[in-house]
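Understanding the architecture of this molecule
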Amino acid sequence: MSIQSKIENYWEDRATDYSTSIWREMESFKKDAWMKMIAEYRPEGQSLKVLDIGTGPGFFAMILSLMGHQVTAIDCTENMLQEARHNTERIGVKVDFYKMDSHELDFPDESFDLILCRNLTWTLRAPMDAYKEWHRVLKSKGRLLIFDANWALRLHDPEMQKQYEEDKKRAAELGIVDAHDKADMKESDAIAKQLFLSSKRRPQWDAAALIDCGYAKVFVETNISHRVHSEEDRILFRSTPMFMVGAEKK
């Protein structure tokens, strides 16, 4: 079985849990926090054409639609897309959903003003290929916003693994529930060990890669957890803070 097939099979099984998780976000401060953050970095314009890559159950698709933008969203798993369609219907917004490999987009050149993703890039089998493809479908002066963390670096770094275990223990002592406890972590780790970005220090790697791919301007926030994570999240993910790396096309 190819690594891509393993990735798709794993995330197919996580769709329901993740859908429940994003509704907790929609009903908390996180909805407005993410809207504010995206508004700071998006290109100018009242109704942008947006591509949400790896939409999962549709959190970004929902909030970008509520912000007044024209949203297209893709995912490589049908179960995630089914959840996303249901969720967007639930709040009454229209999004165009497609099942698609993020490395090979079925869109014309210069189709979108804004491309964004959350917790997606660490799962890419060939991130440079994906970043070049995203550059292709981005309009001139369009922007790419990547939100992610060094989720699997611990598998290649004993010190980070130690910190991860300490975070898990501390969270458990405080009664903080980790949604990932429902996951098949053995399978997740086995897949992650094979992925290119698992061993890279990010967002430093991404910033250099985006320049190499032809993006004209790159901007980085190495830690946005204080902006978009709850206090419980910051305890649970202390050793893996979320970052933002963005880029603008010439």
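One can find the structure itself at the top, above this paragraph.
In this report, the structure presented in the accompanying data block is examined. This one's a predicted model, so the numbers in the text were calculated from it and none came from an experiment.

What follows covers helix H6 (residues 127-137). When we look at burial in H6, the residues that qualify are Pro 127, Ala 130, Tyr 131, Glu 133, Trp 134, His 135 and Val 137. In this structure, the buried side of H6 is in contact with strand E1 (49-53), strand E4 (112-118), strand E5 (138-148) and helix H9 (204-212).

Across the 11 residues of E5, eight count as buried, placing the element largely inside the fold. With six bridges connecting them, E4 and E5 associate as parallel partners. Within E5, the residue paired with Cys 117 across the bridge is Ile 146. Taking the sense of rotation as the criterion, the β-α-β connection linking E4, H6 and E5 turns out right-handed.

Counting residues in each nonpolar core, the largest one holds 49 residues, and the members touching the most others are Trp 34, Ile 63 and Phe 147. When neighbours within four sequence positions are excluded, Ile 63 is seen to be in contact with Met 26, Lys 31, Trp 34, Met 35 and Ile 38. The next biggest cluster of nonpolar side chains, apart from the first, holds 27 residues, and it includes Leu 51, Leu 105, Cys 117 and Ala 209.

Here we come to unusual backbone geometry. The step from Arg 202 to Pro 203 runs through a cis peptide bond, and the omega angle for that step is 15°. Residue position: Pro 203 is located in the loop between helix H8 (185-192) and H9. The backbone of Glu 110 shows a phi angle near 50°, a positive value even though the residue is not glycine. On the basis of relative accessibility, which here comes to 46%, the residue Glu 110 falls in the partly exposed class.

Under the defined criterion, the tally for this structure stands at 20 salt bridges. In this structure, the salt-bridge partner of Lys 139 is Asp 113, at a minimum N-O distance of 3.5 Å. Taken as a pair, Lys 139 in strand E5 and Asp 113 in strand E4 lie far apart in primary sequence, 26 residues in all. In this structure, Arg 143 engages Glu 248 in a salt bridge whose closest nitrogen and oxygen atoms are separated by 2.9 Å. In this pair, Arg 143 is assigned in strand E5 and Glu 248 in strand E7 (residues 243-248), connecting sequence segments 105 residues apart.

So, how was this worked out
- Residues numbered from 1 in each chain as written.
- Predicted model: local features only at pLDDT ≥ 70, side-chain atom pairs only at ≥ 80, totals over all residues.
- Heavy atoms only, no water.
- Buried < 20%, exposed > 50% of the residue type's maximum accessible area, 1.4 Å probe, protein only.
- Helix = DSSP H or I, 4+ residues; strand = E, 2+ residues; numbered from the N terminus.
- Contact = heavy atoms within 4.5 Å.
- Pairing = 2+ DSSP bridges.
- Right-handed = clockwise from strand over helix to strand, strands pointing away.
- Core = buried A, V, L, I, M, F, W, Y, C linked by side-chain atoms within 4.5 Å.
- Salt bridge = Lys/Arg side-chain N within 4 Å of Asp/Glu carboxyl O.

All we've got here are geometric facts, nothing functional implied.
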